[in-house]
Amino acid sequence: MATDSSEYEKAMPIVAAHLAKMERAVDRTRASHAGRPFKVVHQALAEALQDEGAQRVVPQVVEELARQISDAATGP
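Residues numbered from 1 in each chain as written. Predicted model: local features only at pLDDT ≥ 70, side-chain atom pairs only at ≥ 80, totals over all residues. Heavy atoms only, no water.

1. Considering helix α3 (residues 59-71)
Here α3 is 13 residues long and its end C-alpha atoms lie 18 Å apart, about the 18 Å a rise of 1.5 Å per residue gives. Taken as a whole, α3 has its buried residues at V62, L65, A66, I69 and S70. When α3 is viewed along its axis, its buried side chains cluster within an angular range of 135° and face the same direction. Those residues of α3 that are exposed and angled more than 90 degrees off the buried face are Q60 and D71. Contacts from the buried residues of α3 go to α1 (5-33) and α2 (38-52). (Helix = DSSP H or I, 4+ residues; strand = E, 2+ residues; numbered from the N terminus. Expected span 1.5 Å × (residues − 1). Buried < 20%, exposed > 50% of the residue type's maximum accessible area, 1.4 Å probe, protein only. Arc of directions from axis to C-beta. Contact = heavy atoms within 4.5 Å.)

See below:
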């Protein structure tokens with residue numbers, strides 16, 4: 001199945017903007033919640049994604065990101 005390259009070019013700015021919103025939410029949550037319990041991190045990440053307007057993320061992705069932030073060491 002061939003895909004029209006113009007469709008790709010139209011979609012990429014939208015995808016890039018969504019990924020940037022996700023990245024800001026993850027960075028913010030990591031900075032404030034690294035090493036905290038999973039449930040706390042998951043809630044904070046969900047709120048950060050909503051604040052950024054990026055709440056449409058696959059639930060398993062949110063869970064994995066929250067797990068990684070929760071498991072992160074909070075060293076220097």
